[in-house]
Every structure is written in structure tokens, then in C-alpha cells.
Amino acid sequence: MVLVKPAYHSHNTKNEVYLLNHQIMKIKNALLSATTALLVLCMVGCKNNNNQQASSNGTDMVAEGNPEVAEITGAPKVPAPVGKRSPKKLIVNLVTSEKEGIIADSIPYTFWTFNNTVPGSFIRVRVGDEITINLKNDANSVLPHNIDLHAVTGPGGGAVASSTVPGKETSFTFKAINSGLFVYHCAAPPVPMHIGNGMYGLILVEPEGGLPKVDREYYIMQGDFYTKASTIKKGVMEFDNDKAVAENPDYVLFNGKKGALLGANMIEAKVGETVRLFVGNGGPNLTSSFHVIGEIFDNVYLEGGSTISHNIQTTMIPAGGAAIVEFKCDVPGDYVLVDHSLSRAFNKGAIGKLRVSGEANPKVFNAKTVAKE
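Residues numbered from 1 in each chain as written. Predicted model: local features only at pLDDT ≥ 70, side-chain atom pairs only at ≥ 80, totals over all residues. Heavy atoms only, no water.

**Topic: the overall build of the protein**
A count of helical and extended segments in the protein gives 4 helices and 23 strands. Within the protein, buried positions represent 43% of all 373 residues. Contacts in the protein between residues far apart in sequence, at least 24 positions, make up 71% of those at least 6 positions apart. Of the roughly 20000 Å² of accessible surface on the protein, a fraction of 56% belongs to carbon and sulfur atoms. (Helix = DSSP H or I, 4+ residues; strand = E, 2+ residues; numbered from the N terminus. Buried < 20%, exposed > 50% of the residue type's maximum accessible area, 1.4 Å probe, protein only. Contact = heavy atoms within 4.5 Å. Areas by Shrake-Rupley, 256 points an atom, 1.4 Å probe, with all protein chains shown as cover.)

**What to know about the confidence of the model for the protein**
Of all residues in the protein, 84% attain a pLDDT of 70 or more, and the chain-wide mean is 89. pLDDT under 50 marks residues 1–11. Its contacts with residues more than four places away, or in other chains, come to 0 contacts. Within the model, the stretch residues 35–55 combines pLDDT values under 50 with 2 contacts to residues more than four positions away or in other chains. (pLDDT = per-residue confidence, 0-100.)

**Description of the sheet that holds strand S21 (residues 321–328)**
As summarised here, the arrangement of the 6 strands in space is S14-S11-S16-S21-S18-S19, forming an open sheet in which the pairing is mixed. Every interior strand has two partners, whereas the edge strands, strand S14 (251–254) and strand S19 (308–312), have only one. With strand direction ignored, the average angle separating the axes of adjacent strands in the sheet is 20 degrees. Bridge count between strand S18 (residues 297–301) and S21: 3 bridges; the pairing is antiparallel. By the bridge assignment, Tyr-301 is partnered in S21 with Ile-324. (Pairing = 2+ DSSP bridges. Axes fitted to C-alpha atoms, helices over the stretch in contact; angles between N-to-C directions.)

**Focus on the environment of Val-69**
Along the chain, the position of Val-69 falls in strand S1 (residues 64–69). Assessed through its relative accessible area of 57%, Val-69 is described here as exposed. Setting aside anything within four residues of it in sequence, one finds Val-69 in contact with Ile-91 and Asn-93.

**Concerning the sheet that holds strand S15 (residues 267–270)**
Strands sit in the order S15-S23-S22-S17-S20 across an open sheet of 5 strands; the sheet is mixed. If you trace the sheet from one side to the other, it starts and ends with S15 and strand S20 (314–317), each paired once. Here the strands of the sheet are splayed against their neighbours by 20 degrees on average, with no regard to which way each runs. When strand S17 (residues 288–293) meets S20, the two strands line up antiparallel, connected through 4 bridges. Pairing of Phe-290 across the sheet is with Thr-315, part of S20.

**Re unusual backbone geometry**
With an omega of 5 degrees, the peptide bond between Ala-75 and Pro-76 qualifies as cis. Looking at where Pro-76 falls in the secondary structure, it is placed in the loop between strand S2 (72–73) and strand S3 (88–104). At the junction of Val-118 and Pro-119, the peptide bond is cis and its omega measures out at 0 degrees in the coordinates. With respect to the secondary-structure elements, Pro-119 resides in the loop between strand S4 (107–114) and strand S5 (122–126). In this structure, Glu-247 is a non-glycine residue whose phi angle is positive, near 55 degrees. With respect to the helices and strands, Glu-247 occurs in the loop between helix H3 (241–245) and S14. By relative accessible area, which is 44% here, Glu-247 ends up partly exposed.

Have a look at this one:
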């Protein structure tokens, strides 16, 4: 049985109800004011974010002056930073070629290249630049070649406009509207074969104002190679399509050659310096687990974009992707660069070294050992 308390009224009760309603109205008004303020802040924040995104997008930026030939470099070197300069009109000259080179030890291989190197030349521009790509296919090439730059907004990343038969030259112009580190590669059919023979490189589009200053910068690009004895020239290796389809490479290499970053070719830095590595993965198939043994990446520009992660041990770089990694060198010694899928490093060639020179830093690392009897 439910007992219901009889209702009654009094002067005091009416006052209490009045005060309670008054307090409720005050709370409602306070909540309404807070909600309105929050909405205004959100609208302002969204507007500011949109303005920031618009300012970093190069579509409406004007590239002034006469066209200049851009500085491009072979790995592991990179061109000078763009700094705080205004947008320019730049010319990038590239030559595609098919040539023999040493892939490992004394083993020759028929590489297909941009500017006679694997990886191809490093291109460095800024957002808002207007870039003309001149692509010449060497007269001694057997096949047509082209270029697909992942930094290009347009059909095929420029591949359609740059399809070039041997001995001829094509040209197209694009606007760098998004900042980041981008892969470029040949996209002529069969595409895996052209990439698998070494036709890839990196183009860096710096943001307005440039990247933060560091002490050292290097260019590293991983690729997987599938080989067999040439049917044309005895003693020379060539691309094996069956191995490529099975994704079973004979070599996984940094900068197109076993030992390209070892011995006299290792990269260098000094204690106290900050190193920035522009790391790309041409593929055509494998994902890289890039790692520097004995270092932790202070900053990683994930997938070469604008999102920065911190204190990273290993970063994944997909085929056709890139990343920028930065770290400070605190302790002298040799630091091993690897694809941390370690059979690729120690058995197939994806290994290099960074030599750091300078004074020891026992606060960070002390190598003294005590012999036990």
C-alpha cells in the first residue's frame, strides 16, 4: 500500500517555493550564458583553424619572379633549407635512364633511374612554389618512362602529362599546395617493374616559414629488389617479376646498394647536434619498420605529414610513403640504422650507420664495466 502525504499550504511554504523557483531561474540563466560562450569560442576556434589551414595551403599564393633552376641532390645529401623565402617559380630537370650498377658486393644489376641514381634526386621546394618538371628519357632507354609525384594534385600526379618515349622530353607545371615529404616514382606500365628497378625518389614541400633549423639533414630511401640472371647480358642481374608478385625480394636496401651507408659511406654527426632524416620507402611492396639502434626519435612527422609524434622507437613507413625523423645525439659512437624486420637488415641489406663523434657523456651512458672474480 502506498501512503500519500496530504498536501497543505502555508505562508512559509509559498516563500520557500518562490525562493526555489528564483534559484532555478538563476541556474538556468548561468547555464545558458556558459553554453553561449562555449559556442562562441568553438566558432572562433574553428574559424582560426580554417584560417591556419588556408594560410598553409598554397593554392592562392603567388610565385613571383623569373623561373630558377632548383637545386637537387643525390642521396644521402639534401639541398639547402628554403628558410623564410617567398614562393618562387622553379625548374626541376630530370633524366630517366636504364644503366648497369653494382647492387651488392660485385654483382651488377640493370637499374632504371632518375638522374642516374637510386634513389632519384632529392627535390626541395616550399608550399606555394610553382614547379616545372622537365623529364627527358635517355635515348638509350628501351622503354617509355614518366613521373608520378605524390606532391602533385592532378591526373596521375603528373604521370599522364610526362609519358616520354626514349630520346624525347616532356614538361608540365604544378603548384605545391600541400606541405610534407612525398615520394615520386615512375608509373609507366608495368608499374611494379619500373619501381622495382629503382625509379623512385623524394620531394620535400616545406611549410610557409620552413622547417625548424637542425644541425644535420640526410636523405635515405628503402627499396626491395627482386633479381634473376639477365636473359640479355651474361653476368648481369635483372628484375624478376615472379619474385616481385610473390613479394620475396633478394635484397632490401637503403639507397639502392648494399653498404650504401656503411664504411666510408656512413653518415656523420657530432655530440650535441640534432639530426633530421628524410626517410622514404619506394617499395614496390614492403613496409619499412625504420629504427636507429641506440637512439629514440624526439620527433616523427608521421607519414611525412604535419602530425608530429614524440619519443618514438620505431616508425612504420609504407611502400610509397615517407617520414621525417629527428633526434639529438647525446653520446658518441656508431648507431645502426635498420629496417627492424631484422632479417631484411642482417640478411638482405637494409642496414646503415650513423657515426657520432665527440666527448663522452657518462650522465647519459657509461660504458665502464667491472670485472668479477
